[in-house]
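Here is how the chains run, residue by residue.
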Amino acid sequence: MNEDLRNVVLGVLATGVSASLGWLTRTYAWRRGLRRKQAFFGLPSGSECVLVMNRKAGSDAAVHNVDVSALLELSALIKDCGAKAHIVQHDMARQGLGDRTEFCVGGPYSNRRMAAHLASLLPGLTMNVESDPVADRGMITVGGEVYRGVQGEREYVLLARLTGGEGGRPVFLFCGQFAVTNQAATRYLARHHEKLARSYGSGPFVLLLKVVNSEAYGPDVVELVADVTRAARTATAPEAAAT
């Protein structure tokens, strides 16, 4: 074998080895990222989860088209984890916590399951379900602060990851003052789940988000207002005294 041919062969071999190492590195990084994502969402490959949907305000059955969009965004996350989703209406979801990962969408005024979660898992937080006065609809109170939304201008939504029961699988809450905020929260989770996993690991969190000028920007412009995990999970003084 002459010198030129040997150099060509060695070059081809070096290229092949380099490509193989690059492929192995990318594959390892992808699998590690997938495992972290599955751990954060509690969705190992082949597992099942439940999507609990609310009803459209003023309707006994229909789901708001914006909430359908939120459902699609969650479905994409679930598919990426290699898991399967079951969609359940809020008034048909009769199961405990921890056995399967749960994604619950909608405020307590349109989602009975959400109302139960807020009462049992977030005793330090309240969300007004009364229709009057109009300015107080959906008002969120937590940690001594009150958050009133103005539709189309500033609208608040809770994004939470909580655990309960014996199975250890999480429940994710997307509890907004208006339909667009539910989608905004699911989109925020899809975009920032890696950062949230680094910050909280597999532990609980309750974040208060603000959707800015949804009339112009839809669910895309979202600001983190506060981490209210401790305040939301701690019963207020009167409730604590009663127990």
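Residues numbered from 1 in each chain as written. Predicted model: local features only at pLDDT ≥ 70, side-chain atom pairs only at ≥ 80, totals over all residues. Heavy atoms only, no water.

Moving on, we get to the packing of aromatic side chains. This model, assessed by the stated rule, comprises 8 aromatic pairs. Both rings, one in F40 and one in F41, keep their centres 5.0 Å apart while their planes meet at 80°; by these two values the pair is edge-to-face. We note that F40, like F41, is buried. When the centroid spacing of 4.9 Å and the interplanar angle of 35° are considered together, the rings of Y200 and F205 count as tilted. By way of ring pairs, the aromatic residues F40, F41, F103, F172, Y200 and F205 are connected into one cluster. (Phe/Tyr/Trp six-rings, centres within 6.5 Å; stacked < 30°, edge-to-face > 60°. Buried < 20%, exposed > 50% of the residue type's maximum accessible area, 1.4 Å probe, protein only.)

A word on the state of the cysteines. Within the structure shown, the criterion is met by 0 disulfides. Of the cysteine sulfurs around C81, a residue in no disulfide, the closest is that of C49, at 8.8 Å. On the basis of relative accessibility, which here comes to 1%, the residue C81 falls in the buried class. (Disulfide = S-S within 2.5 Å.)

Bringing the nonpolar core into the picture now. Judged by nonpolar contacts, the single largest core of 27 residues is most densely connected at F41, L43, F103, L159, F174 and L189. Here the element with the most residues in this core is helix 4 (residues 179-200); it accounts for 5 residues. Aside from chain neighbours lying at most four places away, what touches L159 is L173, F174, A185, Y188, L189, L196, F205, V206, L207 and L209. In terms of nonpolar packing, the next biggest core, distinct from the first, is built from 25 residues, I140, A160, L162 and L208 among them. (Core = buried A, V, L, I, M, F, W, Y, C linked by side-chain atoms within 4.5 Å. Helix = DSSP H or I, 4+ residues; strand = E, 2+ residues; numbered from the N terminus. Contact = heavy atoms within 4.5 Å.)

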